[in-house]
Amino acid sequence: MAVQSLEGLLTQGKLKGRRVFVRADLNVPLRDGKPSDISRILASLPTLRRLLGAGARVILSSHLGRPKGQRKAELSLRPVAAELARQLGTAVAFSDDCLGESTEAAAAELEDGQILLLENLRFYAGETGNDRDFARGLAALAEVYVNDAFGTAHRAHASTVGMVPFVAEAAAGLLMQKELDKLQIALEPERPFLCLLGGAKVSDKLGVLEALAPRADVLAVGGAMAYTFLAAQGVAIGSSLVEPDRIEDARRVIAYAKQADCRLLLPSDHVVAREPGEGSASRVVSEIPDGWMGLDIGPDTAARYAEEARRARTLLWNGPMGMFEVEAFAAGTRTVAQGVAQSEGSSIVGGGDSLAAINQLGLADMIDHLSTGGGASLEYVQGIELPGVAVLER
Ligand code: AMP
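Quick caveat: nothing in here was measured; it's all calculated off a predicted structure.

Participant: Looking at this structure, how should I read the overall build of the protein?
Facilitator: The secondary structure content of the protein amounts to 16 helices and 17 strands. In terms of overall size, the protein behaves like a compact globule, its C-alpha atoms giving a radius of gyration of 23 Å where 394 residues would be expected to give roughly 21 Å. Counting only C-alpha atoms and orienting by the principal axes, one finds that the protein spans roughly 70 × 45 × 35 Å. Looking at the protein as a whole, 53% of its 394 residues qualify as buried. Long-range contacts, defined as pairs at least 24 residues apart, comprise 74% of the intrachain contacts of the protein with a sequence gap of at least 6. Looking at the protein as shown, the accessible area adds up to about 16,400 Å², and 48% of this sits on carbon and sulfur atoms. Put simply, the protein has 40 plus and 50 minus side-chain charges, and the middle of one group is 2 Å from the middle of the other.

Structure below.
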């Protein structure tokens, strides 16, 4: 079923003069009281511009960090209001609460084409607890609801799910819509379909591995999680990171892949060191000696994975191929990033480190879709229904 779109509401004339509650993802890192990375603010602009241009009265909300139901000054969204105002070229009013009398008054004062940013939703435990009264309080601020926070769509919170039944109209914002359209490609892939997974833990990606092993043509695993797979095959991994309680799960994924004729690729060479830190001597090996740990895929593996990426018609990449933050162990992730950028098919990249690698190399323009929702996109491509999306389907 399709979600209600923002464009749909626009053509029905349902936005001009209306108070529109926008749930965005403005969860930006703050340093010295200022956003130190504004990509999420930038990503939210198209929806905001569209709404303001249509004469809507925008009530904007987000979470920031994990205040766990407590008011924490260092997690206030106020600095985001200043940056938003700069980006939009218009005043952004700020309410130092997200509901209640003062917030309702500020919302009621808005004129057509004006915007009000609310304080951090997670200052109330009712947000993540999806409390009914809290949800009703948020809904009381507006007539129309727009969700543009794809990154939290896999969580049933008050602002992503709970408040929706209490508003007259609900739709997906432009960013949310774009994520859904692009990620759909991974559900109906052109072949060969390559899934490249890396990062620290098998446990985090077990669901994706299990769901994609039967659907992908090639599953290439890198990062620390590859060592649990190698251990499952009885390969010596020295002192590399391993999750002993996941070895059985890894064996199951290997068996699924085999049954489904999916080629499961694991590293055949490694950049190893005795210690994970900067400055420790490293070398490339095909067999990891005792006392050494694999911290990056080796050059042969990286070349193999990059070649698979170039040949894929559909490609999904999430997670670094090694300890990418340390220069000595970043080459594998970079080589793979180059291959992904050169892919002729549709490429979807998600996860902080993979996105950082793409950005560092200036390759962002060559990727079809840079997904903003790490966990949400991984759930979506598994075919799991996201509560924040399901609630917009009506
Ligand atoms: P994740 O959050 O699961 O995407 O994992 C990202 C983290 O995994 C990064 O901080 C990497 O440094 C780390 N990582 C990736 N490969 C390795 C490895 N071979 N050994 C240790 N840590 C790794």
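Following the structure, the description resumes.
Participant: Explanation requested: a positive patch on the surface in the structure shown.
Facilitator: Positive charge collects at one region of the surface, where Arg-66, Lys-68, Lys-72 and Arg-155 lie side by side. Relative to the assigned elements, Arg-155 resides in the loop between strand S7 (144-147) and helix H7 (158-162).

Participant: How do you make sense of the site of the ligand when you look at a structure like this?
Facilitator: As a structural note, the neighbourhood of the ligand is formed by 14 residues, with Ala-200, Ala-224, Gly-294, Gly-322 and Glu-325 the closest of them. With respect to the ligand, the backbone of Ala-200 contributes an N or O atom lying 2.9 Å from an oxygen atom. The contact in question runs from a nitrogen atom of the ligand to an N or O atom on the backbone of Gly-294, over 3.0 Å. The fraction of the free accessible surface of the ligand (510 Å²) that becomes covered by protein chains is 79%.

Participant: What am I meant to see in the packing of aromatic side chains here?
Facilitator: The relation between two aromatic rings is expressed through the spacing of the ring centres and the mutual angle of the planes. Under the criterion given, the structure shown has 2 aromatic pairs. Taking the centre distance of 5.3 Å and the plane angle of 35 degrees together, the rings of Tyr-124 and Phe-134 count as tilted. In this pair, Tyr-124 is assigned in the loop between strand S6 (115-118) and helix H5 (125-128) and Phe-134 in helix H6 (residues 132-139), connecting sequence segments 10 residues apart. Here the guanidinium or amino end of Arg-283 rests over the ring plane of Trp-292, the centre of that ring lying 4.4 Å away.

Participant: In this structure, what is going on with the sheet that holds S6? I would like to understand it.
Facilitator: Strand pairing in a sheet relies on backbone hydrogen bonds. The paired strands run either parallel or antiparallel. The strand order across the open sheet built from 6 strands is S5-S6-S4-S1-S7-S8, with neighbouring strands paired in parallel fashion. Edge positions in the sheet fall to strand S5 (92-95) and strand S8 (169-172), since each of these pairs with one other strand and no more. Between one strand axis and the next, the sheet turns through 25 degrees on average, direction left out of account. The pairing of strand S1 (residues 19-23) with strand S4 (residues 57-61) spans 5 bridges and is classified as parallel. Note on S4: the bridge partner recorded for Val-20 is Val-58. The strands touched by helix H2 (residues 39-53) are S1, S4, S6 and S7; relative to S4, the strand with the most contacts, the crossing angle is about 155 degrees.

Participant: What exactly am I supposed to notice about the pairing of strand S12 (residues 270-273) here?
Facilitator: When a strand is regular, its side chains alternate between the sheet's two faces. With burial as the criterion, each face of S12 is covered, one bearing His-270 and Val-272 and the other bearing Val-271 and Ala-273. Two strands pair when backbone bridges link them, and S12 and strand S13 (residues 282-285) are joined in this way by 4 bridges, in the antiparallel orientation. Within the sheet, the bridge partner assigned to Ala-273 lies in S13 and is Ser-282. Here S12 runs beside strand S14 (residues 293-297); their pairing, made up of 4 bridges, is antiparallel. Its bridge partner being in S14, Val-271 is matched across the sheet by Asp-296.

Participant: Help me understand the environment of Gly-69, please; the structure alone is not making it clear to me.
Facilitator: By the element assignment, Gly-69 lies in the loop between S4 and helix H3 (78-88). Taking the C-alpha atoms as reference, Gly-69 lies 4.5 Å from Phe-123; in sequence the two are 54 residues apart. Non-local contacts of Gly-69, meaning those with residues more than four positions away in its chain, are made with Arg-122, Phe-123, Tyr-124 and Ala-125.

Participant: Sorry if this is basic, but what is going on with the state of the cysteines here?
Facilitator: Two cysteines form a disulfide when their sulfur atoms are joined by a covalent bond. What the rule picks out here adds up to 0 disulfides. Looking at the unpaired Cys-195, the closest cysteine sulfur is the one in Cys-262, lying at 8.3 Å. Overall, the relative accessible area of 0% leaves Cys-195 in the buried class.

Participant: It is not clear to me how H2 should be interpreted in this structure. Could you clarify?
Facilitator: Structural remark: α-helix, 3.6 residues per turn; residues separated by three or four positions point the same way. In this model H2 runs 22 Å from its N-terminal to its C-terminal C-alpha over 15 residues, within 8% of the 21 Å that 1.5 Å per residue would give. Of all the bends in H2, the greatest reaches close to 35 degrees and is centred on Leu-45; the proline Pro-46 follows between one and four positions later. Here H2 has its buried residues at Ile-41, Ser-44, Leu-45, Thr-47, Leu-48, Leu-51 and Leu-52. Phi turns positive, to about 85 degrees, at Gly-55, one or two residues after H2.

Participant: Looking at this structure, how should I read the nonpolar core?
Facilitator: The biggest cluster of nonpolar side chains holds 71 residues, and the ones touching the most others in it are Phe-21, Leu-138, Phe-150, Leu-209 and Phe-229. The element best represented in this core is helix H10 (residues 225-232), accounting for 7 residues. Leu-6, Val-20, Leu-51 and Leu-60 belong to the second-largest nonpolar core, a separate cluster that totals 29 residues.

Participant: In this structure, what is going on with the environment of Gly-223? I would like to understand it.
Facilitator: With respect to the helices, strands and loops of the structure, Gly-223 is situated in the loop between strand S10 (218-221) and H10. Assessed through its relative accessible area of 7%, Gly-223 is described here as buried. Placed 74 residues apart in sequence, Gly-223 and Ile-297 show a C-alpha to C-alpha distance of 7.1 Å. Those residues in contact with Gly-223 that sit more than four places away from it in its chain are Gly-198, Gly-199, Ile-297, Pro-320, Met-321 and Gly-322.

Cut-off values and rules
Going along each chain's sequence as written, the residues are numbered from 1 onward. Reporting in this predicted model follows two pLDDT cut-offs: at least 70 for local features of residues, and 80 or more for side-chain atom pairs to be given and counted; totals over whole chains, interfaces and linings ignore these cut-offs and use all residues. Excluding hydrogens and water, the side-chain figures rest on all heavy atoms present in the structure. Under the DSSP-based scheme used, a helix requires at least four consecutive residues in state H or I and a strand at least two consecutive residues in state E, with every element numbered from the N terminus. Atoms considered for the radius of gyration are the C-alpha atoms alone. The globule rule reads 2.2 Å times the number of residues to the power 0.38. In this scheme, a residue with accessible area under 20% of its type's maximum is buried, one over 50% is exposed, and one in between is partly exposed, where area comes from a 1.4 Å probe on protein chains only. The criterion used for residue contact is that any of the two residues' heavy atoms lie within 4.5 Å. Methods summary: accessible areas were calculated by the Shrake-Rupley approach with a probe of 1.4 Å, and residue burial reflects only the protein chains presented. The charge count includes Lys and Arg as positive and Asp and Glu as negative, but it does not include His or the ends of the chains. A charge is said to be at NZ when it belongs to Lys, at CZ for Arg, at CG for Asp and at CD for Glu. Residues qualify for a patch when their relative accessible area is over 30% and they have no salt bridge, like charges being joined within 9 Å and the nonpolar side chains of Val, Leu, Ile, Met, Phe, Trp and Tyr within 5 Å. The salt bridge definition used is simple: a Lys or Arg side-chain nitrogen within 4 Å of an Asp or Glu carboxyl oxygen. The near set for a molecule or strand comprises every residue that places at least one heavy atom within 4 Å of it. Polar contacts here mean pairs of N or O atoms no more than 3.5 Å apart (in protein, one a potential hydrogen donor and the other a potential acceptor; neighbouring residues in sequence count only if both atoms are side-chain atoms). For this analysis, a ring pair means two rings from Phe, Tyr or Trp (six-membered ring only for Trp) whose centres lie within 6.5 Å, classed as stacked if their planes differ by under 30 degrees, edge-to-face if by over 60, and tilted for the remaining angles. Charge over a ring is defined by NZ of Lys or CZ of Arg lying within 6 Å of the ring centre and within 35 degrees of the ring normal. A pair of strands counts as paired when DSSP detects no fewer than two bridges linking them. To obtain an axis, a line is fitted to C-alpha atoms, over the contacting stretch when the element is a helix, and the angle between two such axes runs from 0 to 180 degrees between their N-to-C directions. We call a pair of cysteine sulfur atoms a disulfide when they lie within 2.5 Å. An expected span of 1.5 Å times one less than the residue number is assigned to each helix. For a residue, the bend is simply the angle between two axes, fitted respectively to the seven-residue segment ending there and the seven-residue segment starting there. Only buried residues count toward a nonpolar core, which is a set of Ala, Val, Leu, Ile, Met, Phe, Trp, Tyr and Cys residues joined through side-chain atoms within 4.5 Å.

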